[in-house]
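This is what each chain is made of:
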Amino acid sequence: MGHGAGGRAMAQLIDEVFARAFANEWLGQGNDAAVLPAPAAGERLVMATDAHVVSPLFFPGGDIGCLSVHGTINDVAVMGARPLYLAASFILEEGFALADLVRIVNSMAAAAREAGVPVVTGDTKVVEAGKGDGVFISTTGVGALPAGRDIGGANARAGDVVIVSGSIGDHGTAILSQRESLAFDTEIVSDTAALHGLIAHLLELVPGVRVMRDPTRGGLATTLNEIAVQSGVGISLEEAAIPVHPQVEAACEFLGLDPLYVANEGKLVVICAAADADAAVSALRAHPLGTEAARIGEVIDDPNHFVQIRTGFGGRRMVDWLSGEQLPRIC
Amino acid sequence: MAQDFSQPRLERRHIRVRGVVQGVGFRPFVYRLAQTLDLSGWVRNDGDGVELEGQGLPGNLSALIARIRSEAPSLARVDSIHTRLCDADPADQGFTIRTSESGAVSTTIGHDSAVCADCLAELFDPADRRWRYPFINCTHCGPRYTITRALPYDRSNTSMATFAQCPACQREYDAPVHRRFHAEPNACADCGPQLSLLEAAGVRVATRDPIADTLLRLLTGEIVAIKGLGGFHLVCDARNPEAVERLRARKGRGGKPFAVMVANLASARRWARLASAEEALLAGAERPVVLCEKRPSVDNELWGLAPDLGSIGLMLPYTPLHYLLFHDNAGRPSGTDWLGEVQDLALVMTSANPGGEPLVTDNQEALQRLKGIADAYLMHDRDILSRCDDSVMVAERSALAGARETPRFVRRARGFTPRSIRLAQKGVPVLAFGAWLKNAVCLTRGDEAFLSEHIGDLDNPGVCVAMDQAAEHLQRILAIQPEAVAHDLHPDFHSTRAALALADRLGVPAIGVQHHHAHIAAVLAEHRRSGPVLGVALDGVGLGSDGSAWGGELLTVDGAAFERVGHLAPLALPGGDQAARAPWRMAASALHRMGRGADIAPRFATQRGAAQIKVLLDKPHLCPTTTSMGRWFDAAAGLLGVCERMDYDAEAAMRLESLAASYGSALRAHRGWAVREDESGAELDLLPLLAELARERNPARGAAVFHATLLAALEDWIVAAARHERLSTVALGGGCFLNRQLAFELPRRLSARGLEVLTARQAPCNDGGIALGQAWVAIQQLQPGN
Ligand SMILES: [Fe+3]
Ligand SMILES: [Mg+2]
Ligand SMILES: [Zn+2]
Ligand SMILES: [Zn+2]
């Protein structure tokens, strides 16, 4: 695809691809913006945006298209909100294969349809070859937050329990293995998924959840460090309780990565009162996206706001936040 | 006016003594000297040290000054004596000890010291009132640093504050001529701390004799946690392999060697070949663990203590409590003769710091944290206020011309903390936070640098907290607030974060110091130099100023500035820090660089990932590289099959060194190295040597060839660089200098080539001393005009 000579024709073709894939009443209005109904009385709006850049564009378990839908839905949903609408914008590199674009857009549309969250407005720009990396997708989501619901990173209290909805490290390891053509005995599949169904189910049974987060870039470790600082608490994890798929563990050991720092795209961290913990774990486990949910640690009083992990032999290890990549440090 | 020749001329001098002169029996010492020399006057402590006025015959006054220097009490250190004449007062009669000037704060807290000979004589004298009292001490010995909360050093600021002295003890404490004059921890069985023995469950054992009971338990294979000076030890009978194995398993210790306590030098000789320097260190008042060359008896009778290593860590008793265990074992003889007799009892004494946690110091904490490890606890009610591990040292005859036998630190703590290291110049007070492993912090005051006790590895949250406490404690006991902080360049160390946070809070500058620059600066600091020198840093990994992992560097260092003028050839780290724990990965990395990637999989077939690692090595962007000397050691050990995975830090290098020593001298590999010039200086490449090791079938010979070749290569590389830079002094720093061959042989060769060689002696050459170097760089950088 390109602009210049024949560019207009190409732009029309692209519009066609989007229109057909996402077809819905708001896009069909043909206006510059979508006109949407106001949320119910007492509800508040929640809005999140995320730019998606991923290499490779296609990976086991998904592609940039569905990822850009899931990522933004999850950011809205972890606030306890019902995701309602999405907006999407694309930056395409000149020369990007139309077939790949169709595949991505269709995957994105399917993800939106499956999630029940329509893409109601969008935009596309094409940049010169060499000024982009195939395709970048930016999505924005809007959701409705019921009155009185207060879920956020600053709400953790000492004595609370930390729960994760399933195995960690899958997405980042899958991406890296695919990008570097590293073959492991068992293929590692990204966990990319929209979590609002799981979350709705959880909140129905355990409405008092205090904190929810999706541990994406920087992994579980970074997310928990953010929560610890926001809430002014410490967090203590049990290494043996954290679900990690064996093939992910082996790949991470091989590559010298710590799965705690590897990105997830379909996992939920939940912090709730100890009294709610069992109910929360069973609620998560009852949902197809939470079958491996586990209680992995607790919130503690700690003026240092350390996140730490208990290892074998009663040992403990710091789970620091990292300022960049995992740099070598053993002297 | 005619002079009166009938009376000898009287002279009066004001004398000021600086150094470690408080709390060590200095005033009674001056008092006794004055009596002997027939001088009148007075002596007292003040904020600067000790001041005195002496009046008498001029010759006697000179003798006083000379003898203050030469006969100072064993725990004292005289840094300077300044005198001036003042008006004589013929009416002045007698010599008095005056109380400290009001408001004057004593400036130092002494270090802990092994029980002295005088106290031992009392301890084993059935007629003495302190016979077998486990907390006997005097101004020449006993606890200081570990029982002190804050300045001034005074009983009320120690954990002895809760013990009121009985009249007999008080009389000693108040008598200027007594050995216990102002001995702050002075005590006896009537008024002082008491022992108690507890079962694993924390229940007190109903025994009249906790020491005899403890010995019995040890002899029957139990593991007993014993409270010492700076923390608890886990103790078992070193001759009981089952007990040793159980301790290893319970502590999760892997194959890391244990230190052993024996009764005396005569007993130590049974287990190790001791040089006179080692005997002096073992028996010194600091009583470090000394790494000694082990005899076959160790492997035959102390099974599993120091597997695959040529050395064993030995230590002699240093608290009265330790002595009493050996006294019981000897059958409780009267007098001190038994102290010279060989005993078979050998006790594993390992720091009670399970799982890399800080050393346990508190009784309640011991019961919780040592649960499941200790079968019993021998504790007492004198609190430990400053945690302090055993120091670990190596004694070696120095190769340097004119130098005496020079002990070196592996770990600097008990017996040395908080002794200061004198710097070449005064500067603003700097708090340096060190790096990450084996960390210690350092606070400067004037021209003195106070290195904290060894704290530990900052991957453990408890150790991070301990580091924060150690930094605060140093500020408190030195009564000083830093005006700058210094830290490593690595952004993700707790030490770096703590430094930046403190700088922010105090509004003072934070100075990042490159890791290997700091290693060299630490050596310069203790030698009171600022450069220019050629620094040779042979180390594990430290972050370079270019963001890559350095560790085998030639740096020109001048004041606060440095320049990288050479480095080892880089090796890929397949799997980052995983490669630092798995020498087989470094061997794979070397094979890959030789173009023999296909050999990796068959060679390391038993290692998980061996079949795939070539794929990783084929992708340079997935493998950070390092110029670290330590990783070259690992690669050599991996290629020789000496060690494929490490149980503990530096295991591969230590085993390689031990193997080389067992083989004896070997020829260096012909053309085993190459030196190339690149944009960052002279690059030393040892790949040809490793290619030869990859073919070697005898690991011991391979280890010996590795060391021989490495030494020749380093000599070649360093001498050429020194010539090129027109420098005649080299400073050696970094953890690899714990290797005896590098520590001993490299300085010998370099001095034979006409270079002046500076090495680390007062601080460990590894990261345990790095805070000293950071502080020294910061001081120089903050010097006016810089
Ligand atoms: Fe280092
Ligand atoms: Mg996001
Ligand atoms: Zn004494
Ligand atoms: Zn008494």
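Residues numbered from 1 in each chain as written. Chains lettered and ligands numbered in written order. Predicted model: local features only at pLDDT ≥ 70, side-chain atom pairs only at ≥ 80, totals over all residues. Heavy atoms only, no water.

**Brief notes about the overall build of chain B**
Counting secondary structure elements, chain B contains 24 helices and 30 strands. Relative to the globule expectation of 28 Å for 786 residues, the C-alpha radius of gyration of chain B, 28 Å, shows essentially globular dimensions. Here the C-alpha coordinates of chain B stretch approximately 95 × 70 × 50 Å along the principal axes. Across the 786 residues that make up chain B, the buried fraction comes to 63%. For chain B, the proportion of contacts with a sequence separation of at least 24, taken over those separated by at least 6, is 72%. Accessible surface computed for chain B: about 28,200 Å², of which carbon and sulfur atoms make up 49%. Treating the 85 positive side-chain charges of chain B as one cloud and the 90 negative ones as another, the clouds have centres 2 Å apart. (Helix = DSSP H or I, 4+ residues; strand = E, 2+ residues; numbered from the N terminus. Rg over C-alpha atoms; globule rule 2.2 N^0.38 Å. Buried < 20%, exposed > 50% of the residue type's maximum accessible area, 1.4 Å probe, protein only. Contact = heavy atoms within 4.5 Å. Areas by Shrake-Rupley, 256 points an atom, 1.4 Å probe, with all protein chains shown as cover. Lys, Arg positive; Asp, Glu negative; His and termini not counted. Charge placed at Lys NZ, Arg CZ, Asp CG, Glu CD.)

**Section: the domain arrangement of chain B**
Many descriptions give the size of an interface as the accessible area lost when the pieces come together. Split by domain assignment, chain B resolves into domain 1 (11-97) and domain 2 (195-380). Placing a centre on the C-alpha atoms of domain 1 of chain B and another on those of domain 2 of chain B gives a separation of 42 Å. (Domains from an automatic or database assignment.)

**Considerations on the interface of chain A and chain B**
Taken together, the contact between chain A and chain B spans 30 residues of the former and 49 residues of the latter. Taken together, the two surfaces of chain A and chain B that pack against each other cover about 3,300 Å², and 55% of this comes from carbon and sulfur. Here chain A is connected to chain B by 6 salt bridges. Here Glu 180 of chain A makes a salt bridge to Lys 619 of chain B, at a shortest N to O gap of 3.8 Å. Applying the counting criterion to the chain A and chain B interface returns 11 residue pairs in polar contact (both at pLDDT 80 or more). (Buried area = accessible area lost by both parts, 1.4 Å probe. Salt bridge = Lys/Arg side-chain N within 4 Å of Asp/Glu carboxyl O. Polar contact = N/O pair within 3.5 Å; in protein donor to acceptor, adjacent residues only side chain to side chain.)

**Some words on the coordination of the magnesium ion (ligand 2)**
All names here are of chain A. Distances from the magnesium ion (ligand 2) to its protein donors, Asp 50 (OD) and Asp 75 (OD), fall at 2.3 to 2.5 Å. Of this pair, Asp 50 sits in strand E1 (residues 44-52) while Asp 75 is found in helix H3 (residues 64-77), placing the two residues 25 residues apart along the sequence. Given the relative accessible area of 26%, Asp 50 is considered partly exposed. (Donors = N, O, S within 2.8 Å, 3.2 Å for Na, K, Ca; no water.)

**A word on the pairing of strand E12 (residues 307-310) of chain A**
Residue and element names in this part refer to chain A. Bridge count between strand E9 (residues 234-238) and E12: 4 bridges; the pairing is parallel. When the bridges of E12 are listed, Leu 237 appears paired with Ile 309. In sequence, E12 turns back onto strand E13 (residues 316-318) through a hairpin of 5 residues, with Phe 313 there showing a positive phi of about 55°. (Pairing = 2+ DSSP bridges.)

**Description of the UniProt feature "active site" (unreviewed entry) in chain B**
Residue and element names in this part refer to chain B. Under the UniProt annotation, "active site" (unreviewed entry) lies at Arg 27 and Asn 45. Spatial clustering of the annotated residues is evident: they stretch over 19 residues in sequence, but the largest pairwise C-alpha distance comes to 7.9 Å. Residue placement: Arg 27 occurs in helix H1 (residues 26-36). Not counting chain neighbours up to four residues away, the residues in contact with Arg 27 comprise Val 43, Arg 44, Asn 45, Ile 97, Arg 98, Ser 100, Phe 181 and His 182. Turning to its location among the elements, Asn 45 is positioned in strand E2 (residues 40-46). The class for Asn 45 is buried, based on a relative accessible area of 9%. (UniProt positions renumbered as here; feature names shortened; annotations may be inferred.)

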